[in-house]
Amino acid sequence: MFTSILFASFISSINAAAIVSRSQSYPLPQNGVLGPQSKLTVANKAIAPDGYERSATLVNGVFPGPLIMAQKGDNFSIEVANELTDTSMDMVTSVHFHGIYQNRTSYADGTASVTQCPVTPNNSYVHTFSAQGQAGTFWYHSHYSIQYCDGLRGAVVIYDPEDPLGYMYDVDDANTVITLSDWYHAEATVLRYVIGNVADSTLINGLGRYVGGPASDLAVISVEQGKRYRFRLVGMTCDSNFQFSIDGHSMTVIEADGQLTEPLVVDQLQILAGQRYSVVVAADQPVDNYWVRSLPDTANASFVGGTNSAILRYIGAPNVEPTTVNTTSTNPLEETNLHALINPAAPGIPEYGAADINLNLQVANINGIFFVNNVSFTAPTVPVLMQILSGAQEATDLMPNGSVIVLEANKVVELTLSTTGPGGPHPIHLHGHSFSVVQSAGNSTFNYANPVRRDVVSAGSEGQQMVIRWVTDNSGPWFLHCHIDWHLDVGFAVVMAESPSVTRTTMNQAPPGWDELCPAYNALTPEQLGGGGLDNYEAAADISSILYPPPTLPGSI
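Numbers given for residues are sequential positions, taken from 1 along each chain in its written order. With the structure being a predicted model, the display of local features is reserved for residues of pLDDT at least 70 and the display and counting of side-chain atom pairs for 80 or more, all residues being used for whole-chain, interface and lining totals. To obtain the side-chain values, all non-hydrogen atoms of the structure were used and water was disregarded.

Considering the pattern of salt bridges
The cut-off we apply is this: We define a salt bridge as a side-chain nitrogen of Lys or Arg found within 4 Å of a carboxyl oxygen belonging to Asp or Glu. Numbering of helices and strands runs from the N terminus; a helix is a DSSP stretch of H or I covering at least four residues, while a strand is a stretch of E covering at least two. The cut-offs for exposure are 20% and 50% of the maximum accessible area for each residue type, with area from a 1.4 Å probe on protein chains only; residues under the lower value are buried, those over the upper are exposed, and the others partly exposed.
By the definition in use, this model includes 17 salt bridges. A salt bridge links E321 to R209, with the nearest nitrogen and oxygen atoms 2.5 Å apart. Here E321 is found in the loop between strand 20 (309-314) and strand 21 (357-366), whereas its partner R209 is found in the loop between strand 11 (201-204) and strand 12 (220-223), with 112 residues between them in sequence. Accessibility expressed as a relative area gives 8% for R209, which makes it buried. Notably, a salt bridge pairs R293 with D247, separated by 2.8 Å at the nearest N-O pair.

Next up, the structure:
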């Protein structure tokens, strides 16, 4: 038995290192790469990614968490082991694999209060699933409360050896994954009480600088002159959206959120929380250093002192910071110019309001609390999936009341979502699906012929709306929520319960560990849940006077 385990571990490590790459010139990142059968150990550790040291919630001791690499068609078996000890932060956890449809395996979606109970300290849970033909750029993050803001986030790439756009690039490996994160010096369990908190820094591949801080190390992305690189951008922020560009280089967009697009040349793109883009960049400039820029949408953000920046370094260039100058974008990405490469038409009759199911969600922000159709989402005491498997099938029977929308199977859904109040643009994510964006926020036109297909879309700001379509071909409860984690924490979510009457018969058998999660979680005391309690609320009061009400019990969204 022991020998077989060692052999399986050995094969997993080989698979991770041997993923198809069009260049063997560069070593794997220092923090290592995991394969589709791996272990994520969630624990606390002090780190200083921007020069300011703080305790964080990390996977395998690094930020961002290790890259998970797989090939199209691989089966996944990912163990999440909870070794958390810092009670000032959340002590329970869950991990969501963002963008993976989890068809027939909704129990592996990793969404606390929707598809599972959290994993308690000194316990683990194994996510077993198949991506069923999916390929592209994804990521994983905690889906418990606001925990991923404290560090639990990492990238997932599923490579397609027969990528129809593979002819456009020479290099696509672990070193061409670029993670974009916001970072906070205070714990998320403190900041969750501050209305309108702002990140302290931007991290690119886990490194950055903050205003007034030291000249800490910046990420260096190495390229060889004459080669073409597929950079996979992963927006793993809690709040900030970024304007991303590389001095002196254009970018050809070929993927949005795991979906190939018709190639589109831009010189700058906006990337929101949860979104991903693949861009092809040709290393066709003189050998030198060039600034990589990721400007957040926060007041007074700049690139002074190397903030919000990384370095694109040609092989042979000196190890110095760039002197390139930021120029005004003349060809920024417009979402309406993106078109799905494969089967581009939106499903259903190509007219607004002509789908099988037409939904209208109106979102309001009242004193910092979000309401969707007049209801603010609060985590149910029993996960929605467990309720469904216990026999609940109607919206009136499913908790939380007013936040579950039941959808029939195999229907075309058209969702219109609009917002009022501050806080936009809101990145809206639907679990279990990609969708066609038939109307982008801030745009008056509809496109049913060849819209972009993705899984996170901007709902824009006050007075704007977006319209998306998908087909209900994946039974299960799927979270639809704002991917600004602070907004989700205060109610910006609903659950799409897709064909609950057949979930039991269409879902694969859940592993034994899934049934054991809720009893272990429900046995914890508030102190064992962590989160800091009133101490963290008092710490929040030292930061701002504009606060949410004081805590009762830690949240579990």
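Here's the deal with the nonpolar core
Quick reminder of the rule: Residues belong to one nonpolar core when they are buried, are Ala, Val, Leu, Ile, Met, Phe, Trp, Tyr or Cys, and are joined through side-chain atoms within 4.5 Å. Contacts: residue pairs with any heavy atoms within 4.5 Å of one another.
Within the largest apolar cluster, 81 residues are counted, with the highest numbers of intra-cluster contacts made by F231 and L269. Among residues more than four places away in sequence, those in contact with L269 are L233, F242, Q243, F244, M251, V253, Y277, V279 and L333. Counting residues in hydrophobic clusters, the runner-up holds 39 residues, among them L34, F129, W514 and C518.

A closer look at the pairing of strand 7 (residues 124-130)
The criterion, for reference: Any two strands with at least two DSSP bridges between them are considered paired.
Residue alternation in strand 7 divides its side chains into a buried set, Y125, H127 and F129, and an unburied set, S124, V126, T128 and S130. Note that strand 5 (residues 75-82) and strand 7 share seven bridges and pair antiparallel. In the strand pairing of strand 7, V80 is matched with Y125.

A look at the packing of aromatic side chains
Applied cut-off: Any pair of Phe, Tyr and Trp rings, taking the six-membered ring for Trp, is counted once the centres come within 6.5 Å. Such a pair is stacked with planes under 30 degrees apart, edge-to-face with planes over 60 apart, and tilted for the rest.
Overall, the coordinates contain 14 aromatic pairs when judged by the stated rule. Between W139 and Y148, the aromatic rings sit 5.6 Å apart at their centres with planes inclined by 85°, giving edge-to-face as the arrangement. Look at W139 and you get buried, because its relative accessible area is 0%. Ring geometry for F446 versus Y448: centroids 6.3 Å apart, planes at 5°, classification stacked. You can call F446 partly exposed: its relative accessible area is 33%. With relative accessibility at 11%, the residue Y448 sits in the buried group.

Some details on the pairing of strand 19 (residues 289-296)
Most of strand 19 sits inside the fold, with seven of its eight residues counted as buried. Pairing between strand 14 (residues 242-246) and strand 19: five bridges, direction antiparallel. Looking at the pairing, Q243 lines up with L295 of strand 19. Across five bridges, the pairing between strand 19 and strand 20 is antiparallel. Each residue of the ladder has a partner; that of W291, found in strand 20, is I311.

Let's talk about empty space enclosed by the protein
Applicable threshold: Using protein atoms alone on a 1 Å grid, points that fit a 1.4 Å probe yet trap it form a cavity, whereas open point sets bounded by protein on both sides within 12 Å along at least five of seven lines form a pocket; residues with an atom within 4 Å of a point count as lining. Grid points are joined across faces, edges and corners, and a volume is the space filled by probe spheres set on the points. Residues were grouped as follows: Ala, Val, Leu, Ile, Met, Phe, Trp, Tyr, Cys and Pro as nonpolar; Asp, Glu, Lys and Arg as charged; and all remaining residues, including Gly, as polar.
By the definition in use, this model includes one cavity of 30 Å³ or more. For the largest cavity, the calculated volume is near 40 Å³. Lining of the largest cavity is provided by L361, V372, L417, I428, L480, H481, F492, A493 and V494. Elements with a contribution of two residues or more to the lining of the largest cavity: strand 30 (476-482) and strand 31 (493-498). Among the residues making up the lining of the largest cavity, the classes are represented as eight nonpolar, one polar and no charged.

Brief notes about the sheet that holds strand 25 (residues 427-430)
Counted only if it meets this: Between N-to-C directions, angles span 0 to 180 degrees; the directions come from axes that are lines fitted to C-alpha atoms, helices contributing only their stretch in contact.
Spatially, five strands are ordered 23-31-30-25-28 in an open sheet, and the strand pairing comes out mixed. In the strand order of this sheet, the two ends are held by strand 23 (404-407) and strand 28 (456-458), each with one partner. Strand-to-strand, the axes of this sheet are offset by a mean angle of 20°, without reference to chain direction. Pairing of strand 30 with strand 31 involves six bridges; the strand directions are antiparallel.

A look at the state of the cysteines
Filter applied, for reference: By disulfide we mean two sulfur atoms from cysteines, separated by a distance within 2.5 Å.
Following the criterion strictly, the structure yields two disulfides and no others. The residue that forms a disulfide with C117 is C518, at a sulfur-sulfur distance of 2.1 Å. The S-S bond linking C117 to C518 shows a torsion near 90°; that makes this disulfide right-handed. Separated by 401 residues along the polypeptide, C117 in the loop between strand 6 (95-98) and strand 7 and C518 in helix 6 (residues 512-522) bring together distant segments of the chain. Overall, the relative accessible area of 4% leaves C117 in the buried class. Residue class for C518 comes out buried when judged on its relative accessible area of 7%. One disulfide bridge connects C149 with C238, the sulfur atoms lying 2.2 Å from each other. As the torsion about the S-S bond is roughly -125°, the C149-C238 disulfide counts as left-handed. Pair noted here: C149 is in the loop between strand 8 (136-142) and strand 9 (153-159) and C238 is in the loop between strand 13 (228-235) and strand 14, with a separation of 89 residues, a long-range link. Residue C149 shares its accessibility class with C238, and that shared class is buried. Ordinal numbering of bonded cysteines along the chain defines a disulfide pattern of 1-4, 2-3. Sulfur of C482: no disulfide; nearest cysteine sulfur belongs to C238 and is 11 Å away.

Nothing here speaks to function; it is geometry throughout.
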